[in-house]
Amino acid sequence: MADAGEIVDSLPPASLDRLHRFADALAETNQHLNLSAVRAREGIWRRLILESLRLLPAIDAASANRPEPTTPATLIDVGTGGGIPGMALALARPEVRVTLLDATAKKLAFLERTAADVGATNVTCMHGRAEALGHDVRFRQAFDLVTARAVAALPVLLELCLPFARVGGTSLFPKGIALDDELAAAEVAAPLLGGRIIEASILPGIGSEVETRLVVLRKTEHTPRRFPRRTGVPAKQPLGAGSRNQDDGRADRTK
Ligand code: SAH
């Protein structure tokens, strides 16, 4: 898999220019709106933008493997915050239709403004909770690709994200290196939600940065109607978290 430097070198100048303008906007807006803990412009470029671009080889492979690879691929970034990785991916791949979803309206307002400023016409901003929008017919099982970064532990993430993926679609979650506990619970959660973990490999390094594992899931079956459970329940009672918290959604329906 290509490293971030090679990926950046392969981008057309127009995309690179838009990515730099996005990084500028993040640095500027971060001074009064908490979009990310990474504050310095240089850190924003390296730790947020380049980290996002490391997903491109996996995005491209999944896009090419769709039943109709010539139609535009659709991607939803759940809990996008300041647009990581969704906005960066949209700017690098203008042919992919990207939906940025977050529960915080101010962050979406920033992203809407930024998309307009840089002229990104492939970006749609959506304000709401994944637990609610995952049941909305406009979004449920409607996307070829789902991404999420720094939103929740893996089993929670799967419940918030897999409902958005179409059957055959791919979910990509960049994660830290120490993942064994989360992965064990996610192995239990995935089949309940119609998904299968197909990979959790370490991405090639980009210099001194922390190592990243990219967890890749394939959606193999429809997600049962009872998922996602109502707002807050996925985080409070993660699927696959052991017998005390074990809840496949049935208990929730009776409340
Ligand atoms: N992905 C970004 C932001 C991470 S912070 C990054 O990597 O920098 C987590 C974000 O997820 C916050 O902006 C929060 O509003 C959003 N979020 C958390 N739970 C959510 C949910 N259930 N539905 C929608 N957004 C959620």
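Because the structure is a prediction, the values reported are computed rather than measured.

Undergrad: Tell me about the overall build of the chain, residues and numbers included.
TA: Counting its secondary structure elements, the chain contains 11 helices and seven strands. Radius of gyration (C-alpha) of the chain: 17 Å, near the 18 Å computed for a compact globule of 255 residues. Dimensions of the chain, computed from C-alpha atoms along their principal axes, come out at roughly 50 × 35 × 35 Å. Expressed as a percentage of its 255 residues, the buried residues of the chain come to 55%. In the chain, the proportion of contacts linking residues at least 24 apart, taken out of those at least 6 apart, comes to 69%. Positive and negative side-chain charges of the chain, numbering 32 and 30 respectively, have mean locations separated by a distance of 7 Å.

Undergrad: Quick one: what's the story with the packing of aromatic side chains, residue by residue and with numbers?
TA: The full count for this structure, using the stated rule, is one aromatic pair. Summarising the aromatic geometry, the rings of Phe143 and Phe164 are spaced 6.4 Å apart at their centres and angled 75° between planes, so their arrangement reads as edge-to-face. Of this pair, Phe143 sits in strand β4 (residues 143–147) while Phe164 is found in the loop between α8 (154–161) and β5 (165–175), placing the two residues 21 residues apart along the sequence. Note on Phe143: relative accessible area 6%, which makes it buried. Judged by its relative accessible area of 0%, Phe164 is buried.

Undergrad: How would you summarise helix α2 (residues 13–29) if you had to cite specific residues and measurements?
TA: Each full turn of the α-helix corresponds to 3.6 residues, which orients residues three or four apart in the same direction. Across its 17 residues, α2 extends 24 Å between first and last C-alpha, which sits within 8% of the 24 Å expected from 1.5 Å per residue. Taken together, the buried positions of α2 are occupied by Ser15, Leu19, Phe22, Ala23, Ala25, Leu26, Ala27 and Thr29.

Undergrad: Outline the site of the ligand, supporting the account with residue identities and numerical values.
TA: Taken together, 15 residues lie around the ligand, and Ile84, Asp102, Lys107, Glu131 and Arg149 are the ones closest in. One of the backbone nitrogen or oxygen atoms of Ile84 is found 2.7 Å away from a nitrogen atom of the ligand. Contacts to the ligand include Ala103, whose backbone N or O atom sits 3.2 Å from a nitrogen atom. Surface burial for the ligand is 82%, taken as the share of its 580 Å² of free accessible area covered by protein chains. Assessed atom by atom at 2 Å from the grid points, the ligand resides in the largest pocket.

Undergrad: A description of the packing of α2 against helix α3 (residues 41–53) should follow, citing residues and the corresponding values.
TA: Remark: α2 packs on α3, axes separated minimally by 10 Å, with the N-to-C direction vectors making an angle of 130°. Considering their axes alone, α2 and α3 lie oblique with respect to each other. Judged by the sense of rotation from one axis to the other, the crossing of α2 with α3 is right-handed. In this structure, α2 uses Leu16, Leu19, His20, Phe22, Ala23, Asp24, Leu26 and Ala27 to contact α3, whose residues at the interface are Arg41, Ile44, Trp45, Leu48, Ile49 and Leu53. In terms of residue class, the contact of α2 with α3 is built from 11 nonpolar, one polar and two charged.

Undergrad: Before we move on, could you go through the side chain of Thr29 and cite the residues and values that matter?
TA: Along the polypeptide, Thr29 turns up in helix α2. On the basis of relative accessibility, which here comes to 6%, the residue Thr29 falls in the buried class.

Undergrad: Give a description of the sheet that holds strand β6 (residues 195–202) that names residues and reports values.
TA: As summarised here, the arrangement of the seven strands in space is β3-β2-β1-β4-β5-β7-β6, forming an open sheet in which the pairing is mixed. Edge positions in the open sheet fall to β3 (123–127) and β6, since each of these has one partner strand only. In this sheet, adjacent strand axes meet at a mean angle of 20° when their direction is disregarded. As paired strands, β6 and strand β7 (residues 213–219) are joined by seven bridges and run antiparallel to one another. Bridge pairing in β7 links Ala200 to Val215. The strands touched by helix α4 (residues 56–64) are β1 (74–78), β4, β5 and β7; relative to β4, the strand with the most contacts, the crossing angle is about 160°.

Undergrad: Can you tell me about the confidence of the model for the chain, naming the residues and giving the values?
TA: Of all residues in the chain, 91% attain a pLDDT of 70 or more, and the chain-wide mean is 91. The low-confidence segment residues 243–255, where pLDDT is below 50, has 22 contacts with residues more than four positions distant or belonging to other chains.

What counts, and where the lines are drawn
Residues numbered from 1 in each chain as written. Predicted model: local features only at pLDDT ≥ 70, side-chain atom pairs only at ≥ 80, totals over all residues. Heavy atoms only, no water. Helix = DSSP H or I, 4+ residues; strand = E, 2+ residues; numbered from the N terminus. Rg over C-alpha atoms; globule rule 2.2 N^0.38 Å. Buried < 20%, exposed > 50% of the residue type's maximum accessible area, 1.4 Å probe, protein only. Contact = heavy atoms within 4.5 Å. Lys, Arg positive; Asp, Glu negative; His and termini not counted. Charge placed at Lys NZ, Arg CZ, Asp CG, Glu CD. Phe/Tyr/Trp six-rings, centres within 6.5 Å; stacked < 30°, edge-to-face > 60°. Expected span 1.5 Å × (residues − 1). Near = heavy atom within 4 Å. Polar contact = N/O pair within 3.5 Å; in protein donor to acceptor, adjacent residues only side chain to side chain. Areas by Shrake-Rupley, 256 points an atom, 1.4 Å probe, with all protein chains shown as cover. 1 Å grid on protein atoms, 1.4 Å probe; cavity = no way out; pocket = protein on both sides within 12 Å on 5 of 7 lines; lining within 4 Å. Sits in = over half its atoms within 2 Å of the grid points. Axes fitted to C-alpha atoms, helices over the stretch in contact; angles between N-to-C directions. Parallel < 35°, antiparallel > 145°, perpendicular 65-115°, else oblique. Left-handed = near helix turned anticlockwise from the far one by under 90°. Nonpolar A, V, L, I, M, F, W, Y, C, P; charged D, E, K, R; others polar. Pairing = 2+ DSSP bridges. pLDDT = per-residue confidence, 0-100.

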